[in-house]
Amino acid sequence: MLGIETSCDETGVALVRAHDDRSELLVDAVASSMDEHARFGGIIPEIASRAHLEAMVPTIERALSEAGVALSDVDAVAVTAGPGLVGPLTLGASAAKALALGLGVPLYGVNHVIGHAAVDELVDGLFPDRVMALVVSGGHSSLLLVDDVVTGVTELGSTLDDAAGEAFDKVGRLLGLPYPGGPHIDRLARAGDPTAIRFPRGLTAPKDQAAHAYDFSFSGLKTAVARWVEARQDAGQPLPLEDVAASFAEAVADVLTAKTIAACRRHDVSTLVVGGGFSANSQLREMAAKRCAEAGIDLRIPPIRYCTDNGAMIAALGAAVVRRGLPASSLDLAVDSSMPLTQVLV
Ligand code: ATP
Ligand code: MG
Ligand code: FE
């Protein structure tokens with residue numbers, strides 16, 4: 001299975017061999033245009049599209065040569081059909097269609113966000129019958145009950161405003177850090193005191209239990225950080241960057257892990273998969289490890305290189321589709337920038 005990912009700024013190409021009882025990663029090649037976006041403080045879709053156009057064939061060639069696999073040995077192609085940026089998605093889908101048409105092999109258009117969970121099957125083995133998946137990234141913070149990674153995904157909750165990664169990037173901007181701020185806040189937070197400032201935990205009040213037990217909200221937290229920083233500056237006091245970062249990261253990790261573990265208990269699930277670019281965050285990884293150990297939950301978080309966008313996650317999900325014997329997607333498939341999380345395959 002050759003997997004292609006182009007939903008945002010990464011051009012990802014990977015090869016996975018699907019066995020009956022496991023999916024084996026052969027190679028994972030990624031090119032990124034992030035350097036070209038950083039000075040704008042956000043992803044510029046037109047720049048990302050052009051970068052995919054330039055990087056696609058070299059990245060495919062690099063993946064094949066590193067794996068020692070000939071193009072003619074590829075049996076199937078999987079591609080991100082959504083959600084993501086329309087232009088970048090279209091570039092990836094066009095390349096995948098050209099390959100499937102030229103090679104005469106099936107094409108599978110799959111969901112990027114579910115791919116962030118499915119990639120864990122390459123690292124920790126195929127999912128047990130029922131898992132909880134927390135997918136946290138630049139665009140999503142979603143809690144998913146997964147009875148089957150292709151046919152049985154239920155969304156228990158999601159963010160009502162900013163995604164976790166997005167909140168980190170916005171707080172990074174207000175702290176004057178380079179874009180994307182997420183990894184910079186992570187680094188600062190490791191040197192700070194997470195109990196220095198008590199920032200609010202969104203949607204955790206008793207009144208939110210009924211309608212929003214498993215939903216997240218981070219925009220109030222972001223505003224609280226902005227107010228705290230302003231007050232400090234108005235008073236002419238120096239900004240304890242490390243403590244602000246640590247206290248902010250603590251608030252995000254606290255809410256994500258508390259709600260996720262409550263959902264595991266409520267649904268009697270004993271395996272938690274955490275994925276998506278924000279699962280690279282060390283504060284989240286540490287707190288999830290500690291709280292899952294206390295709760296007797298088996299925690300599966302892939303290594304950081306498989307948390308951010310890559311082709312392996314798409315090839316892994318494509319392999320899961322093939323293992324279930326589902327029909328291929330049509331070669332006239334359309335991309336869907338807001339593909340619902342319950343739609344795994346188009
Ligand atoms: P989606 O998957 O929802 O379409 P995306 O593909 O843009 O969104 P990813 O590439 O999966 O998102 O993740 C990128 C996000 O992860 C960015 O917001 C980035 O700041 C954040 N991020 C990456 N590493 C860290 C880290 N160590 N700590 C905090 N945030 C991080
Ligand atoms: Mg990215
Ligand atoms: Fe992503």
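The rules we used
- Residues numbered from 1 in each chain as written.
- Chains lettered and ligands numbered in written order.
- Predicted model: local features only at pLDDT ≥ 70, side-chain atom pairs only at ≥ 80, totals over all residues.
- Helix = DSSP H or I, 4+ residues; strand = E, 2+ residues; numbered from the N terminus.
- Buried ≥ 20, exposed ≤ 12 C-beta atoms within 10 Å, placed from the backbone.
- Contact = placed C-beta atoms within 7 Å.
- UniProt positions renumbered as here; feature names shortened; annotations may be inferred.
- Near = placed C-beta within 6 Å.
- Nonpolar A, V, L, I, M, F, W, Y, C, P; charged D, E, K, R; others polar.
- Domains from an automatic or database assignment.
- Axes fitted to C-alpha atoms, helices over the stretch in contact; angles between N-to-C directions.
- Parallel < 35°, antiparallel > 145°, perpendicular 65-115°, else oblique.
- Left-handed = near helix turned anticlockwise from the far one by under 90°.
- Pairing = 2+ DSSP bridges.

1. Quick word on the overall build of the protein chain
Thought 1: When its secondary structure is counted, the protein chain shows 12 helices and 10 strands.
Thought 2: Over its C-alpha atoms, taken along the principal directions, the protein chain stretches across nearly 65 × 45 × 30 Å.
Thought 3: Residues counted as buried form 52% of the 346 residues belonging to the protein chain.
Thought 4: Put simply, 76% of the contacts in the protein chain that link residues at least 6 apart link residues at least 24 apart.

2. Brief notes about the UniProt feature "domain: Gcp-like" (unreviewed entry) in the protein chain
Thought 1: Per the UniProt annotation, the sites labelled "domain: Gcp-like" (unreviewed entry) are residues 25–315.
Thought 2: The span residues 25–315 is 49% helical and 16% strand by assignment, and the distance between its end C-alpha atoms comes to 9 Å.

3. Observations regarding the site of ligand 1
Thought 1: The full set close to ligand 1 counts 26 residues, and Gly138, Gly139, Gly165, Gly182 and Gly277 are the nearest of them.
Thought 2: Taken together, the elements giving at least two residues each to the shell around ligand 1 come down to helix H4 (112–118), helix H6 (164–174) and helix H7 (182–189).
Thought 3: It is H6 that provides the largest number of residues to the shell around ligand 1, a total of 4 residues.
Thought 4: Within the shell around ligand 1, the residues separate by chemical class into 8 nonpolar, 14 polar and 4 charged.
Thought 5: Counting residues domain by domain, the shell around ligand 1 receives three or more from each of domain 1 (2–119 + 310–323) and domain 2 (127–305).

4. Observations regarding the packing of H6 against H7
Thought 1: Two elements in contact, H6 and H7, have axes separated by 8 Å at closest approach and are oriented at 75°. With respect to each other, H6 and H7 are oriented roughly perpendicular. In contact with Gly165, Phe168, Asp169, Val171 and Gly172 of H6, H7 contributes Gly182, His184 and Ile185.
Thought 2: When the residues that make up the contact of H6 with H7 are grouped by side-chain class, the tally is 3 nonpolar, 4 polar and 1 charged.

5. So, H6
Thought 1: Within H6, 8 of the 11 residues are buried, which leaves it mostly tucked inside the rest of the structure.
Thought 2: Taken together, the buried positions of H6 are Ala164, Gly165, Glu166, Ala167, Phe168, Asp169, Val171 and Gly172.
Thought 3: Looking at the buried residues of H6, the elements they touch are strand S6 (131–136), strand S7 (141–148), H7, helix H9 (219–234) and helix H10 (241–266).
Thought 4: In the segment just after H6, glycine 176 is the residue with positive phi, at about 80°.

6. What to know about the domain arrangement of the protein chain
Thought 1: If you check the domain split of the protein chain, you get domain 1 (2–119 + 310–323) and domain 2 (127–305).
Thought 2: Taking the mean C-alpha position of each, domain 1 and domain 2 sit 27 Å from one another.
Thought 3: Listed by partner, the interface residues are 12 residues for domain 1 and 18 residues for domain 2.
Thought 4: Among the elements of the structure, H4 and helix H12 (311–323) are those that each provide at least two residues to the side of domain 1 that touches domain 2.
Thought 5: Among the elements that take part in the side of domain 1 that touches domain 2, H4 stands out by supplying 5 residues, more than any other.
Thought 6: Across the side of domain 1 that touches domain 2, the residue classes tally to 9 nonpolar, 3 polar and no charged.

7. A word on the packing of helix H2 (residues 45–67) against helix H3 (residues 86–103)
Axes are the key here: two packed helices are described by the angle between their axes and the distance separating the axes.
Thought 1: Interhelical geometry of H2 versus H3 gives an angle of 20° and a closest axis separation of 8 Å. Considering the angle they form, H2 stands roughly parallel to H3. Handedness of the crossing formed by H2 with H3: right-handed. Across the interface between the two elements, Pro45, Glu46, Ala48, Ser49, His52, Leu53 and Met56 from H2 touch Gly87, Pro88, Leu91, Gly92 and Ala95 from H3.

8. Some words on the pairing of strand S2 (residues 10–18)
Each regular strand displays side chains that alternate between the two surfaces of the sheet.
Thought 1: Summarising burial for S2: 7 of the 9 residues are buried, a large majority.
Thought 2: If you look at the hairpin formed by strand S1 (residues 2–5) and S2, you'll find 4 residues sitting between the two strands.
Thought 3: In this sheet, strand S3 (residues 23–32) lies alongside S2 in antiparallel orientation, the contact comprising 9 bridges. Considered in S3, the bridge of alanine 14 is made with aspartate 28.
Thought 4: Hairpin connection from S2 to S3: 4 residues lie between these consecutive antiparallel strands.

9. A look at the sheet that holds strand S8 (residues 152–158)
Thought 1: Pairing in this open sheet of 5 strands is mixed, and the strands run S8-S7-S6-S9-S10 from one edge to the other. If you trace the sheet from one side to the other, it starts and ends with S8 and strand S10 (298–300), each paired once. Averaged over all neighbouring strand pairs, the angle between strand axes comes to 25°, with direction disregarded.
Thought 2: Sheet contacts for H10: S6, S7, S8 and strand S9 (271–275); angle to S6, the most-contacted strand, approximately 160°.

10. Details of the UniProt feature "binding site: substrate" (unreviewed entry) in the protein chain
Thought 1: As recorded in UniProt, the feature "binding site: substrate" (unreviewed entry) lies at Val135, Val136, Ser137, Gly138, Gly139, Asp169, Gly182, Asp186 and Asn281.
Thought 2: With respect to the helices and strands, glycine 182 occurs in helix H7.
Thought 3: Contacts of glycine 182, omitting those with residues within four sequence positions, involve Gly165, Phe168, Asp169, Gly172, Phe278 and Asn281.
Thought 4: Here aspartate 186 shows up in helix H7.
Thought 5: When sequence neighbours within four positions are dropped, the list of residues in contact with aspartate 186 reads Ala249, Asn281, Ser282 and Gln283.

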